Every structure is written in structure tokens, then in C-alpha cells.
Amino acid sequence: MECVDEQIRRQWKRTRNTLKDFWKKNGGMTDPQLARSKIKPDCRSKEDWSHLCDYWETDKAQKYADQMKNNREKLVISSRGGSRSVANHKFSMKNKETQLPPTPIELYHKLHFHPTKEWLNDETRIQYENILQMKEDECTKLVSAGVSITPEMEYEIEKKVVKTICAKHKTLLSGWEASSGPIMRKKDLHILSAAEPSQSASTDEMALKNKVTALEEEIRENKEKVKQSEEKCEKMLQFMISKFPDSQNILCPPDKEGFHAYDDMTNTYDEE
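Source: prediction; values computed, not measured. (Residues numbered from 1 in each chain as written. Predicted model: local features only at pLDDT ≥ 70, side-chain atom pairs only at ≥ 80, totals over all residues. Heavy atoms only, no water.)

### Let's talk about the overall build of the protein chain
Here comes step 1: Secondary structure assignment for the protein chain yields twelve helices and two strands.
Here comes step 2: Listing every helix and strand of the protein chain by position from the N terminus yields α-α-α-α-α-α-β-β-α-α-α-α-α-α.
Here comes step 3: Within the protein chain, the fraction of its 272 residues that count as buried is 19%.
Here comes step 4: Partitioning the intrachain contacts of the protein chain with sequence separation of at least 6 by distance along the chain shows that 51% fall at a separation of at least 24.
Here comes step 5: As presented, the protein chain carries roughly 21,000 Å² of accessible surface, and 55% of it is formed by carbon and sulfur atoms. (Helix = DSSP H or I, 4+ residues; strand = E, 2+ residues; numbered from the N terminus. Buried < 20%, exposed > 50% of the residue type's maximum accessible area, 1.4 Å probe, protein only. Contact = heavy atoms within 4.5 Å. Areas by Shrake-Rupley, 256 points an atom, 1.4 Å probe, with all protein chains shown as cover.)

### Some thoughts on the packing of helix α6 (residues 104-112) against helix α8 (residues 151-166)
Here comes step 1: At their nearest, the axes of α6 and α8 sit 8 Å apart, and the two run at 45° to each other. Compared by their axis directions, α6 and α8 come out oblique. Contact with α6, carried on its side by Pro104, Ile105 and Tyr108, involves Tyr155, Glu158, Lys159, Val162 and Cys166 of α8 and no other residues of that element.
Here comes step 2: The residue inventory of the contact of α6 with α8, partitioned by class, reads six nonpolar, no polar and two charged. (Axes fitted to C-alpha atoms, helices over the stretch in contact; angles between N-to-C directions. Parallel < 35°, antiparallel > 145°, perpendicular 65-115°, else oblique. Nonpolar A, V, L, I, M, F, W, Y, C, P; charged D, E, K, R; others polar.)

### With respect to the UniProt feature "coiled-coil region" (unreviewed entry) in the protein chain
Here comes step 1: As annotated by UniProt and renumbered to match this structure, "coiled-coil region" (unreviewed entry) occupies residues 205-232.
Here comes step 2: The straight-line gap between the two end C-alpha atoms of residues 205-232 is 41 Å; of that span, 100% is helix and 0% is strand. (UniProt positions renumbered as here; feature names shortened; annotations may be inferred.)

### Let's talk about the environment of Asn121
Here comes step 1: Looking at the secondary structure, you find Asn121 in the loop between β2 (118-119) and α7 (122-144).
Here comes step 2: Accessibility expressed as a relative area gives 32% for Asn121, which makes it partly exposed.
Here comes step 3: Residues Asn121 and Ser79 lie 42 residues apart in sequence; the distance between their C-alpha atoms is 9.5 Å.

### Points about unusual backbone geometry
Here comes step 1: The backbone of Gln99 sits at a positive phi, close to 60°, despite the residue not being glycine.
Here comes step 2: Following the sequence through the fold, Gln99 ends up in the loop between α5 (86-92) and α6.
Here comes step 3: Despite not being glycine, Glu118 shows a phi value in the positive range, around 60°.

### Quick notes on the nonpolar core
Here comes step 1: Counting eleven residues, the largest nonpolar core is built from Ile105, Tyr108, Trp119, Tyr128, Ile131, Cys139, Ile157, Val161, Val162, Ile165 and Cys166.
Here comes step 2: Elements with a minimum of two residues in this core: α6, α7 and α8.
Here comes step 3: Ranked by residues supplied to this core, first place goes to α8 with five residues.
Here comes step 4: Ignoring anything within four residues of it in the chain, the contact list for Trp119 reads Arg80, Tyr108, His109, His112, Phe113, Thr124, Arg125 and Tyr128.
Here comes step 5: In terms of nonpolar packing, the next biggest core, distinct from the first, is built from eight residues, Leu19, Cys43, Leu52 and Trp56 among them. (Core = buried A, V, L, I, M, F, W, Y, C linked by side-chain atoms within 4.5 Å.)

### Side note on α6
Here comes step 1: Regarding α6, the residues found buried are Pro104, Ile105, Leu107, Tyr108, Leu111 and His112. The arc that holds every buried residue of α6, seen down its axis, measures 160°, which confines them to one face. (Arc of directions from axis to C-beta.)

### Considering empty space enclosed by the protein
Here comes step 1: Enumeration over the complete set of coordinates arrives at one cavity of 30 Å³ or more.
Here comes step 2: Taken as a whole, the largest cavity holds about 30 Å³ of empty space.
Here comes step 3: Taken together, Lys20, Trp23, Met29, Trp56, Ala61, Gln62 and Ala65 form the lining of the largest cavity.
Here comes step 4: Among the secondary structure elements, those contributing two or more residues to the lining of the largest cavity are α1 (2-25) and α4 (59-73).
Here comes step 5: Broken down by element, the residue count for the lining of the largest cavity peaks at three residues, all from α4. (1 Å grid on protein atoms, 1.4 Å probe; cavity = no way out; pocket = protein on both sides within 12 Å on 5 of 7 lines; lining within 4 Å. Points joined across faces, edges and corners; volume = space filled by probe spheres on them.)

### With respect to the packing of aromatic side chains
Here comes step 1: On inspection of all chains with the given rule, the structure shows six aromatic pairs.
Here comes step 2: Centre to centre, the rings of Phe22 and Trp49 are 6.0 Å apart; their planes meet at 70°, and the pair counts as edge-to-face. One end of the pair, Phe22, is in helix α1; the other, Trp49, is in helix α3 (residues 46-56), with 27 residues separating them in the sequence.
Here comes step 3: The class of Phe22 is partly exposed, set by a relative accessible area of 24%.
Here comes step 4: Each ring, one from Trp119 and one from Tyr128, has its centre 5.0 Å from the other, and the planes form 45°; the classification is tilted.
Here comes step 5: Since its relative accessible area comes to 18%, Tyr128 is described here as buried.
Here comes step 6: Through pairs of rings, three or more aromatic residues link up here, namely Phe22, Trp23, Trp49 and Trp56. (Phe/Tyr/Trp six-rings, centres within 6.5 Å; stacked < 30°, edge-to-face > 60°.)

Okay, here's the thing in C-alpha cells:
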């Protein structure tokens, strides 16, 4: 039931934002009466529209809107990604077949371009053009130097180019070092189903590694015990020889020459 309530709440929030955008485009901020007279076609009723207009015209709603506007202006990396983190966007764009993450340029395009609204602003469009140009220049330099560009090299080039163009201040540098996520929140539950198989596989792999490590540690301990046992036997043997010199021939095994002599004697007796 909580999931249903959450879905309804999110849907209502999106619908309300769409209605407010229509209200603002029709002069809601400057001429509220004109905006009130122009009802959005898909609004359920005139009473609902009037109720929303009454709310948007209140000082409380205006103060809240101004605060949210100020917060958006403080964003380290302005984008069309919404409240979802860069890491989560990167994770959701991962290729399902190859499991490869998107390239930095693909990620930048995703976060700043919308199919209908197009670029976030002129600055992001110019940045994107500069990114493509700088990447082309970097690749041209490497090719002219006789270097064969691998996919890994191309990824690092794009990463460097995006950081160079976008990160004008030190505070921006970390924004383009995002991991592949996912960083789970309530609003990112749709990612969880996609993340569970990979998380399960990584858990099994970690368990297997732990078992191998435990076995290696056990082998190392056994070798150490054998070594200590051999040293102890050697010390005991030396002690017995020092106390009973006559027992050396009995306790000490014969050397190789002794073995060969014994074999020769045995062979001679067998021939006779």
C-alpha cells in the first residue's frame, strides 16, 4: 500500500508541476488574473484550476518557489538530471548486454539535452561543441604520433576533456568522477530490480574469494606446523646423539654412499 501511495504522490507532483508551468507561461507571475482565465485543457475542472491558482498566488507558495529557484542556482553541475545523482544516471545508462557504462560524452549529453526541450541553455550547448572539438584534437594528436587509440584510451580522453571544459573550478572536479552506482533511495526503487542480479553475483564472487583466502591461510598454517615439527625432531635427534653417541648409527639414516654399498652387498649375496 505504501508503494501505491508513493506512486500516486509522485504522479500528482509531476501533474502539479506541469499545471504550474502552464500557469507561469500564461503570465501567472506578472498577471495572475490573466493566467487564471486561461485554464489548461487537461485540467479536470474550473474549480480545481481556481484552487491551484489561489495556492500559487499565496505568499507562502511564492516564498517556496523563490527558495527552490535559489537552490537550483547553487547546483554544482546544472543539468536536466533532476534530483537523481550522476552515479545513478550512469548506472541506468549501462548497456544491458555488454554491461559497459556510458562514455563521459554520452553522459554529458544525457544530463544536458532533452529531445523536446533541447539544450538546458546556450552554455551547455557551447560546452558540448567544445568537448567534441577538443576530443577530436586530442585523438588527432595521438594518431599523428602513430598511437593506436583503444576504447580504454578513448574513454580516458573523453573523461579528461569533459573535466577540462566543464570543471572551471575545483569544486566541480569531483562531480565528473562519479562511480557507476547505484546509490539507492526511495525514488530510485526502479533501479533496484536491475541492480539485484549484479549485486547477487558480486556477493557470490566475494564469498568464493573468502573461501579461497581461508584455504590458502590454512595451507600456510599447515606448512608452518610441519616445519616446526621437523625442527623439533631435528633438535631431539641432536640431543639423543649428544647423550648417547653410540646410538648415532641407529638414529641417523645412512648417506647415499652407505645406501649404494648396502645395495652392492645385497646384490652379491643374491648372486651367490
